[in-house]
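Given next are the chains, with one letter for each unit.
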Amino acid sequence: MVEVLTEQVSDAYLMYLQNLGISYIFGGKERLNFTVVVEKLKNLFSIDKLMLEGGGFLNGSFLNEGLIDELSLVLVPIADGASKLCDTI
């Protein structure tokens, strides 16, 4: 596990991560720059590939920075008509 942080993070939180033995990198001063993050992950941890499972903000940020080179899309046709009455079944 590698925590990606901005430089605005508190020293207390950094100490918390250190006490847990969790690695962290800084990805920007106030906002994350995912190009920098990907470069640091490769250089510091030899990570060559990432799998994004984030929401629209994370995935869109990587896409906007030109960092997505492959897309797999799984569509699952599900209809959920559950109501609160079904919760007890």
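Residues numbered from 1 in each chain as written. Predicted model: local features only at pLDDT ≥ 70, side-chain atom pairs only at ≥ 80, totals over all residues. Heavy atoms only, no water.

Right, let's talk about the pairing of strand β2 (residues 23-26) for a bit. As a general feature of sheets, a regular strand has side chains that alternate between the two faces. Note that strand β1 (residues 2-5) and β2 share four bridges and pair parallel. Bridging from a neighbouring strand, Glu-3 pairs with Tyr-24 of β2. In this fold, the crossover linking β1 to β2 by way of helix α1 (residues 11-20) has right-handed handedness. (Pairing = 2+ DSSP bridges. Helix = DSSP H or I, 4+ residues; strand = E, 2+ residues; numbered from the N terminus. Right-handed = clockwise from strand over helix to strand, strands pointing away.)

It is worth spelling out the packing of aromatic side chains at this point. Under the counting rule described, the total for this entry stands at three aromatic pairs. Pairing Phe-34 with Phe-62 gives two aromatic rings, centres 4.7 Å apart and planes at 35°, and the pair type is tilted. In this pair, Phe-34 sits in helix α2 (residues 34-45) while Phe-62 sits in helix α3 (residues 56-64), placing the two residues 28 residues apart along the sequence. (Phe/Tyr/Trp six-rings, centres within 6.5 Å; stacked < 30°, edge-to-face > 60°.)

Glancing now at the pattern of salt bridges. One pass over the full model with this rule turns up two salt bridges. Note that Lys-29 is salt-bridged to Glu-7, the shortest N-O span being 3.7 Å. Note that Lys-29 is positioned in the loop between β2 and α2 and Glu-7 in the loop between β1 and α1, a separation of 22 residues in sequence. By relative accessible area, Lys-29 is classed as exposed at 60%. Assessed through its relative accessible area of 46%, Glu-7 is described here as partly exposed. Among the salt bridges present, the one from Asp-48 reaches Lys-42, with a minimum N-O distance of 2.6 Å. Relative accessible area serves as the criterion here: at 44%, Lys-42 is assigned to the partly exposed category. (Salt bridge = Lys/Arg side-chain N within 4 Å of Asp/Glu carboxyl O. Buried < 20%, exposed > 50% of the residue type's maximum accessible area, 1.4 Å probe, protein only.)

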